[in-house]
Amino acid sequence: MSTPQDDGSKKSMGISTYLTVPLFVGLLLYLINKKFGKTIKNWLFALFWNRVMKEYHSTMRDMKKTHFDSMLEHKSTDVDQRKKSVLRVLEIGAGPGANFEFFPKNSKLTVVEPNAFFEPMFYENQHKYPDIKMEKFIVSNAEDMKEVEDNSIDIVVSTLVLCSVTSVERTLSEVQRILEPGGKFYYWEHVHDKPGTWLHWVQNLLTPLWSFLFDGCNLNRSIDQTVVGCKGFSHVEQKRFNAPLKKGISGLIRVHVMGQATK
C-alpha cells in the first residue's frame, strides 16, 4: 500500500522524466544541427524536393512546355555552335533535373546547383535524354558563377530558384555576365501577391518560418519587378498567373510569373 509520500515521489519522478527527455532530445538535435546541420538539411531537402517536383511537374508540365517552346527557335550567335545547331544552355538550381524534356535536342547543358545531394538524382534523370550533352555540374551558388566564362551561354534557365538565392540582384548580374549578347534568360518563379490581398499579408507573416523550413525559400519576393528593374536586359516579356495547384499549403505559392529577358 503506497503512502502519500511515495505518491509524491513518483509524481516528482514523472515530472522530472517528462521534462528531462524533451530537453535531452532537444539538446541532442541542437548538437547534431550545430555540427552536421547544413549537410543533413541539404540531404533531407533533396529527398523532399525530388518528390515534390514530380507532382508539381506533372501539374505544370503543359504550361511549362508552352513557356519553353520558343527555345527551339533560338540560334546561337557563336558561328561554330550555329553551324552545328547547338545551343549552350545553363540551368541554375536544376535540382533533380525536371526540365530536361524542354531543352532543345543537341543542347550543351551546364548546371549550377548549390546542393550536391541533387547530383546523383540529376544524372539518373539525364540518362533518359541522350540527345542533350552534359558539359558540367557545378556545385555553387547562382550569385557566384565564376567557373562560367563571360558571354559563353545562349540560354539561362531558372525555375523556382530566385525565391531562395541570397541576392536576386547579384544572381541577375551573373546571368547577364555569362549570357552572350542576344542571349535569353527564361524564368519561372512563384512571387509575392499584389498588395491589399490576404495572401500578400500571409506571405509576409510566414516567410521567416517558411524560409527556415524550405531551404531559404522566400514567399514575399516580387521577382518580376526585380527583373524589370534590372538595367542589363534590353527587353523583358513576362506574365503573372495563378498556378493550378492543390489547395492548402500550396496556395501560398500559387501566384507565379513566367518570363523571358533578353541581354
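A. Seen up close, the pairing of strand S4 (residues 153–159). Taken across its seven residues, S4 has seven buried, putting it largely inside the fold. Relative to S4, strand S1 (residues 88–92) runs parallel, the two being bridged by four bridges. Each residue of the ladder has a partner; that of Ile92, found in S4, is Ser158. In this structure, S4 lies alongside strand S5 (residues 179–190), joined through six bridges in parallel fashion. Looking across to S5, one finds that Ile155 is bridged to Lys184.

B. Fine view of the nonpolar core. Counting residues in hydrophobic clusters, the biggest one holds 36 residues, and the most contacted among them are Leu90, Ile92, Met145, Val156, Phe185 and Phe233. In terms of residue count, helix H4 (residues 168–178) provides more of this core than any other element does, four residues in total. In terms of nonpolar packing, the next biggest core, distinct from the first, is built from 17 residues, Ile132, Ile155, Val157 and Tyr186 among them.

C. Just the pattern of salt bridges, in detail. Tallied over the entire structure, the rule returns 10 salt bridges. Asp154 is paired through a salt bridge with Arg88; the nearest N and O atoms lie 3.0 Å apart. Remark: Arg88 occurs in strand S1 and Asp154 occurs in strand S4; sequence separation between them is 66 residues. With a closest N to O distance of 2.6 Å, Asp150 and Arg177 form a salt bridge. You can see Asp150 sitting in the loop between strand S3 (133–138) and S4 and its partner Arg177 sitting in helix H4, a full 27 residues away along the chain. Given the relative accessible area of 22%, Arg177 is considered partly exposed. Sharing partners across several salt bridges, the network here consists of Arg61, Asp62 and Glu101.

D. Inspection of H4 at higher detail. Residues of H4 that are buried include every one of Val168, Thr171, Leu172, Glu174, Val175, Gln176 and Ile178, and no others. Tucked into the core, H4 has its buried residues touching S1, S4, S5 and helix H6 (223–228).

E. Molecular detail of helix H5 (residues 198–213). The end-to-end C-alpha distance of H5, which contains 16 residues, comes to 22 Å, matching closely the 22 Å that a straight helix rising 1.5 Å per residue would cover. The axis of H5 is deflected most strongly, by about 55 degrees, at Thr207, and proline Pro208 appears within four residues downstream. Packing partners of the buried residues in H5 comprise strand S7 (255–262). Once H5 finishes, Asp215 follows within two positions and takes phi at roughly 55 degrees, a positive value.

F. Local environment of the pairing of S7. Among the eight residues in S7, eight count as buried, and that is most of the element. Residues Val255, Val257, Gly259 and Ala261 line one face of S7 and the alternating positions His256, Met258, Gln260 and Thr262 line the opposite face, and both faces are buried. As judged from the eight bridges shared by strand S6 (residues 235–242) and S7, these two strands associate in the antiparallel manner. Pairing of Phe241 across the sheet is with His256, part of S7.

G. Up close: the sheet that holds S6. Read across the open sheet, the seven strands follow the order S3-S2-S1-S4-S5-S7-S6; overall the sheet is mixed. Only two strands of the sheet have a single neighbouring strand rather than two, namely S3 and S6. For this sheet, the mean inter-axis angle between neighbouring strands, taken without regard to orientation, is 15 degrees. Sheet topology places S5 next to S7; seven bridges connect them, and they run antiparallel. Bridging from a neighbouring strand, Phe185 pairs with Ala261 of S7.

H. The side chain of Ser107, seen in detail. Examined against the element boundaries, Ser107 turns out to sit in the loop between S1 and strand S2 (108–112). For Ser107, a relative accessible area of 1% translates into the label buried. A polar side-chain atom of Ser107 sits 2.5 Å from the main-chain carbonyl oxygen of Pro104. Once you skip the residues sitting within four places of it in the chain, Ser107 turns out to touch Leu87, Val89, Asp131, Ile132 and Lys133.

Reading the values: the criteria
- Residues numbered from 1 in each chain as written.
- Predicted model: local features only at pLDDT ≥ 70, side-chain atom pairs only at ≥ 80, totals over all residues.
- Heavy atoms only, no water.
- Buried < 20%, exposed > 50% of the residue type's maximum accessible area, 1.4 Å probe, protein only.
- Helix = DSSP H or I, 4+ residues; strand = E, 2+ residues; numbered from the N terminus.
- Pairing = 2+ DSSP bridges.
- Core = buried A, V, L, I, M, F, W, Y, C linked by side-chain atoms within 4.5 Å.
- Salt bridge = Lys/Arg side-chain N within 4 Å of Asp/Glu carboxyl O.
- Contact = heavy atoms within 4.5 Å.
- Expected span 1.5 Å × (residues − 1).
- Bend = angle between axes of the 7 residues up to and from the residue.
- Axes fitted to C-alpha atoms, helices over the stretch in contact; angles between N-to-C directions.
- Polar contact = N/O pair within 3.5 Å; in protein donor to acceptor, adjacent residues only side chain to side chain.

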